[in-house]
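Observations on the three-dimensional arrangement
In case you want the letters, here they are:
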Amino acid sequence: MGNVHQQCRGITNNSLELDRVNAIYEPNEIISGTVSSLKHTNASIVLNGMIYFKKRKKTHVEKCRIIFFTSEYNLSFKSNKKEKFQIQLAENLPPSFTTIDTYPNISYSVNLIYKKSKDQIQTSIPIRVYPRICIDRPLLLTPLFFGPVENYDTGIKLEVKLNRAIFTLDDIIQIYYELQNPSQTYIHKTEISLGIYYNIELNVWQEDVCNGIENFNNISSNNKLIRNKALLSVPNKTYLPPTFKFRYGSEKDQASFDLTIEYKIQFKIYFGTEESLWQVDIPIVLCNNIIEKEEEEEEKNNVDEMNIKPELISQSADMNTNICE
């Protein structure tokens, strides 16, 4: 997902350094660093937040580039030694994600700029911004029941129980599922994965985050009832942003955009012929704070058995079902 550098030297031997080695920040934080070997008397440090996405027109697809956040620190040049600077991020900023070659993407950078007839970037250091999402609704920490949802072509019904609806980085998602198969359609296998979905305007970009480990891999059966459980391990990677919604600009503004970042557990059920696929997506929330130990202990006591009760299961309004043949 790209490398973050602590130091970068420009073509005029100017040195721009950040005080924070990993260059990872939260919104509303202050970014500090130093500049040395200044050769010009009209320069500044500019912090930019930039989004790239594609917009469909009537006759073509347009690549859009919008600077949705900028902040500037004017350098004073009081001496030829290192000059310190501080520049602040705004409070409500979307997280960094993907790389500059992927659409859509959001990136942030700290730039040393010489002000001439046109502003010229001499040195640029990429940074990463990750909002801290706090859990303020304890009810969402209780087990999540999903379904039943039916595939009308086969009569197969899927019911799912998760250990909870909200998860953190380096967390374990415990999944208990039941397939009701009254017509005894042959089910070749069931694949379970966690996917992240970035949605900006009409741009949707999806990536698999991790794959599930089931008790019985690639289960094949035509039984009327199939019960199984699986584990998904959420990786502890700094590039994973939390579940997030962001709106920039007004509806009439041409530079406005809507951003949504979602996580979904993907059930892919192959039945009949191996090419027939039924996919069901279950939305969950991924945050980056710590769940209290008491809640973790209570959760462990609730996951020993499946115990799916149909009368307690409610179908999510945000569910996606796709049937491919």
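What you see is a predicted model, and the numbers here were worked out from it, not measured in a lab.

**Remarks on the overall build of the protein**
If you tally the helices and strands in the protein, you get one helix and 21 strands. Each of the 325 residues in the protein was classed as buried or not, and the buried ones make up 46%. In the protein, the share of contacts with a sequence separation of at least 24, taken over all contacts with a separation of at least 6, comes to 66%. Accessible area for the protein stands at about 17,700 Å²; split by element, carbon and sulfur atoms hold 45% of it.

**Looking at the sheet that holds strand β9 (residues 120–129)**
Within the open sheet, the five strands sit side by side as β3-β9-β8-β5-β6. Their pairing is mixed. The strands lining the two open edges of the sheet, one partner per strand, are β3 (24–25) and β6 (61–74). Summarising the sheet, β3 and β9 pair through two bridges and their orientation is parallel. Directly across from I24, in β9, lies its bridge partner R128.

**A few points about unusual backbone geometry**
Phi is mostly negative for residues that are not glycine, and the peptide bonds are mostly trans. The omega torsion across G147 and P148 is 0°, close enough to zero to call that bond cis. Within the secondary structure layout, P148 lies in strand β10 (residues 144–150). Look at N28: it is not a glycine, yet its phi comes out positive at around 75°. Relative to the elements of secondary structure, N28 occurs in the loop between β3 and β4 (30–36). Even without glycine at this site, Q184 takes up a positive phi of about 55°.

**Thoughts on the environment of A43**
By the element assignment, A43 lies in strand β5 (residues 43–56). A C-alpha to C-alpha distance of 8.5 Å links A43 and S76, two positions 33 residues apart in sequence.

**Things to note about the confidence of the model for the protein**
Of all residues in the protein, 74% attain a pLDDT of 70 or more, and the chain-wide mean is 77. Mean pLDDT values for the elements of the protein range from 37 in strand β21 (residues 320–324) up to 95 in strand β11 (residues 157–162). Counting interchain partners and residues more than four positions distant, the pLDDT-below-50 stretch residues 293–300 has four contacts. Note on residues 303–325: pLDDT is under 50 here. Beyond four places in sequence and across chains, it has 60 contacts.

**Some points on the nonpolar core**
Ranked by size, the top nonpolar core spans 70 residues in total, and within it I127, I173, L194, I265 and F267 carry the most contacts. A per-element tally of this core places strand β19 (residues 257–271) first, with eight residues. Leaving out residues up to four positions away in the same chain, F267 has contacts with L158, V160, I175, Y177, T190, E191, I192, W278, Q279, V280 and I282.

**Here's the deal with the packing of aromatic side chains**
In total, this model carries 11 aromatic pairs according to the counting rule given. Centroid distance Y73 to F85: 6.4 Å. Interplanar angle 50°. Geometry classified as tilted. Residue Y73 is located in strand β6, and its partner F85 is located in strand β7 (residues 83–88); the two are separated by 12 residues in the primary sequence. Put simply, the rings of F53, F68, Y108, F246, Y248 and F257 touch in pairs and so form one group of aromatic residues. Positioned above the aromatic ring of Y270 is the side chain of K189, whose terminal nitrogen or guanidinium carbon lies 5.0 Å from the ring centre. Between K264 and the ring centre of Y197, over which it is positioned, the NZ or CZ distance is 4.7 Å.

**Brief notes about the pattern of salt bridges**
Taken as a whole and judged by the stated rule, the model has five salt bridges. With a closest N to O distance of 2.2 Å, R164 and D171 form a salt bridge. The exposure class assigned to R164 is buried, which follows from its relative accessible area of 2%. Note on D171: relative accessible area 13%, which makes it buried. Residue K189 is joined to E191 by a salt bridge in which the shortest nitrogen-to-oxygen separation is 3.3 Å. With relative accessibility at 30%, the residue E191 sits in the partly exposed group.

**Notes on the pairing of β6**
By the bridge criterion, 13 bridges tie β5 to β6 in an arrangement that is antiparallel. The residue bridging F53 from the neighbouring strand is C64, located in β6. What sits between the antiparallel neighbours β5 and β6 is a turn of four residues.

**Thoughts on the environment of L169**
Within the secondary structure, L169 sits in the loop between β12 (166–168) and β13 (172–180). Assessed through its relative accessible area of 22%, L169 is described here as partly exposed. Residues L169 and P242, spaced 73 residues apart in sequence, show a C-alpha to C-alpha distance of 9.1 Å.

Cut-offs applied
- Residues numbered from 1 in each chain as written.
- Predicted model: local features only at pLDDT ≥ 70, side-chain atom pairs only at ≥ 80, totals over all residues.
- Heavy atoms only, no water.
- Helix = DSSP H or I, 4+ residues; strand = E, 2+ residues; numbered from the N terminus.
- Buried < 20%, exposed > 50% of the residue type's maximum accessible area, 1.4 Å probe, protein only.
- Contact = heavy atoms within 4.5 Å.
- Areas by Shrake-Rupley, 256 points an atom, 1.4 Å probe, with all protein chains shown as cover.
- Pairing = 2+ DSSP bridges.
- pLDDT = per-residue confidence, 0-100.
- Core = buried A, V, L, I, M, F, W, Y, C linked by side-chain atoms within 4.5 Å.
- Phe/Tyr/Trp six-rings, centres within 6.5 Å; stacked < 30°, edge-to-face > 60°.
- Lys NZ or Arg CZ within 6 Å of the ring centre and 35° of its normal.
- Salt bridge = Lys/Arg side-chain N within 4 Å of Asp/Glu carboxyl O.

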